[in-house]
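# Structural overview for review
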Amino acid sequence: MHPPRRAALGLLPLLLLLLLLPPPAPGAANKPTPCQRCRGLVDKFNQGMVDTANKNFGGGNTAWEEKTLSKYEFSEIRLLEILEGLCESSDFECNQMLEAQEEHLEAWWLQLKNEYPNLFEWFCVKTLKVCCLPGTYGPDCLECQGGSQRPCSGNGHCSGDGSRQGDGSCRCHVGYQGALCADCMDGYFSSLRNETHSFCTACDESCKTCSGPTNRDCGECEVGWVLEEDACVDVDECAAETPPCSAAQFCKNVNGSYTCEECDSSCVGCTGEGPGNCKECIPGYARELGQCADVDECSLAAKACVRKNENCYNTPGSYVCVCPDGFEETEDACVPPAEAEVTEEESPTQPPAHEDL
């Protein structure tokens, strides 16, 4: 017996460790990033400012209101009202973040609000450093490809845009390609391009590459199309010398391709849809008024069911012969019950005759 290999033995502890690891928490993949949590808190704070803007004031002495409202606007009372409405009691992460950063929010409210009116920029970008301004990315908030004003030429998404993550590369929108998403993919042409903007528009469906919107602007035809008289036109695959579909199907041409559809069940080969396009009819069907129709064998002059008293029932493409209910079926007839009984009485079982010795 061979000793176990060391590699196999080495895998055993790893497998045991994987089995003992706790399963990932539900929704772990969708857990918000620190930047998203910070932005969410700021959004709620800003909404709280809107909700408390004119609280408890309305009508009366205008001069008194202006004086009192001015005091309330920057007061700690208003700040406390905003903070109390930021987090639901069940939102653990929101409450945890608020508890850790309450002093920062208080400092901004009482001392820095006028100098830094944009709470998100001051709190999430400059103070906590968990976010970047739009158009920048990564730990040092570098500019995205194409600049922070129009990252990726406005035709893509900058990896890590607005966060401390990503590498600043561009993920281009459909129709665009290149490091800055300024070039057009195959199947698109540049309809507008200048120093700051690049727009790509889809070619005609017949073009693989093109310089304009029509089938005469193709640089190369798509598969299923062919160049004729300076334009890409559809190839009719159904007109090929060797049909692309099976004998039980008909070919249907579509732009740039074709489909094979099943013939009608009454056809032996067909040129199109329905019983009117059969090449021949299957047994039990005959051409009638230009299409294959079921033959009613039961109504023909020559009887289909030849046994006495037998009933004929037509079926699609055929027929069945059945004795009526109560009749006894024999090889050459359907015998009524009364006749069957008489026949049995007239034919009793006789004992064999004895010969004289």
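Residues numbered from 1 in each chain as written. Predicted model: local features only at pLDDT ≥ 70, side-chain atom pairs only at ≥ 80, totals over all residues. Heavy atoms only, no water.

### Here we look at the overall build of the protein
A tally of helices and strands in the protein yields 7 helices and 22 strands. Looking at the protein as a whole, 27% of its 357 residues are labelled buried. At a minimum sequence separation of 6, the contacts of the protein that also span at least 24 residues come to 28%. When the accessible surface of the protein is summed, it comes to about 24600 Å², and 53% of that surface belongs to carbon and sulfur atoms. (Helix = DSSP H or I, 4+ residues; strand = E, 2+ residues; numbered from the N terminus. Buried < 20%, exposed > 50% of the residue type's maximum accessible area, 1.4 Å probe, protein only. Contact = heavy atoms within 4.5 Å. Areas by Shrake-Rupley, 256 points an atom, 1.4 Å probe, with all protein chains shown as cover.)

### Brief notes about helix H5 (residues 92–112)
Residue pairs three or four apart in sequence face the same way in an α-helix, which turns once every 3.6 residues. The first and last C-alpha atoms of H5 sit 28 Å apart over 21 residues, in line with the 30 Å expected at 1.5 Å per residue. Residue Gln-101 marks the point of greatest curvature in H5, where the axis turns by about 60°. Taken residue by residue, H5 has Cys-94, Met-97, Leu-98, Gln-101, Leu-105, Trp-108 and Trp-109 as its buried positions. (Expected span 1.5 Å × (residues − 1). Bend = angle between axes of the 7 residues up to and from the residue.)

### Side note on the environment of Lys-31
In this fold, Lys-31 is placed in the loop between helix H1 (6–20) and helix H2 (34–51). Once residues lying within four places of it in the same chain are set aside, the contact partners of Lys-31 are Gln-36, Arg-37 and Glu-93.

### What to know about helix H4 (residues 76–84)
Residues Arg-78, Leu-79, Ile-82 and Leu-83 constitute the buried set of H4. The arc that holds the buried residues of H4, viewed along the axis, is 135°, so those residues lie on one side. Those residues of H4 that are exposed and aimed more than 90 degrees away from the buried face are Ile-77 and Glu-84. (Arc of directions from axis to C-beta.)

### A closer look at the packing of aromatic side chains
Per the counting criterion, the structure on display carries 4 aromatic pairs. Their ring planes at 80° and their centres at 5.9 Å tell us that Phe-45 and Trp-108 sit as a pair that is edge-to-face. Here Phe-45, found in helix H2, pairs with Trp-108, found in helix H5; they are 63 residues apart in sequence, far enough to count as distant. Using a relative accessible area of 1% as the deciding quantity, one classes Trp-108 as buried. Each ring, one from Phe-45 and one from Trp-109, has its centre 6.1 Å from the other, and the planes form 65°; the classification is edge-to-face. In this pair, Phe-45 is assigned in helix H2 and Trp-109 in helix H5, connecting sequence segments 64 residues apart. (Phe/Tyr/Trp six-rings, centres within 6.5 Å; stacked < 30°, edge-to-face > 60°.)

### Focus on a nonpolar patch on the surface
Taken together, the side chains of Tyr-313, Val-320 and Val-322 make up a nonpolar region of the molecular surface, amounting to roughly 240 Å² of accessible area. Mapping Tyr-313 onto the fold places it in strand E19 (residues 311–315). Tyr-313 gets classed as partly exposed once you look at its relative accessible area, which sits at 44%. (Patch = residues over 30% accessible without salt bridge, like charges linked within 9 Å, V, L, I, M, F, W, Y side chains within 5 Å. Salt bridge = Lys/Arg side-chain N within 4 Å of Asp/Glu carboxyl O.)

### Section: the confidence of the model for the protein
Mean pLDDT over the protein works out to 85, with 82% of the residues at or above the 70 mark. Segment residues 1–19: pLDDT under 50, and 1 contact once partners within four positions in sequence are set aside and those in other chains are kept. (pLDDT = per-residue confidence, 0-100.)

### Points about the state of the cysteines
For the structure shown, the criterion picks out 19 disulfides. Two residues, Cys-245 and Cys-260, share a disulfide whose sulfurs are 2.0 Å apart. As the torsion about the S-S bond is roughly -85°, the Cys-245-Cys-260 disulfide counts as left-handed. A residue pair is termed long-range when its members are at least 10 positions apart, and Cys-245 in the loop between strand E12 (231–234) and strand E13 (249–254) and Cys-260 in strand E14 (residues 257–262) qualify at 15 residues. Note on Cys-260: relative accessible area 29%, which makes it partly exposed. One disulfide bridge connects Cys-305 with Cys-321, the sulfur atoms lying 2.0 Å from each other. (Disulfide = S-S within 2.5 Å.)

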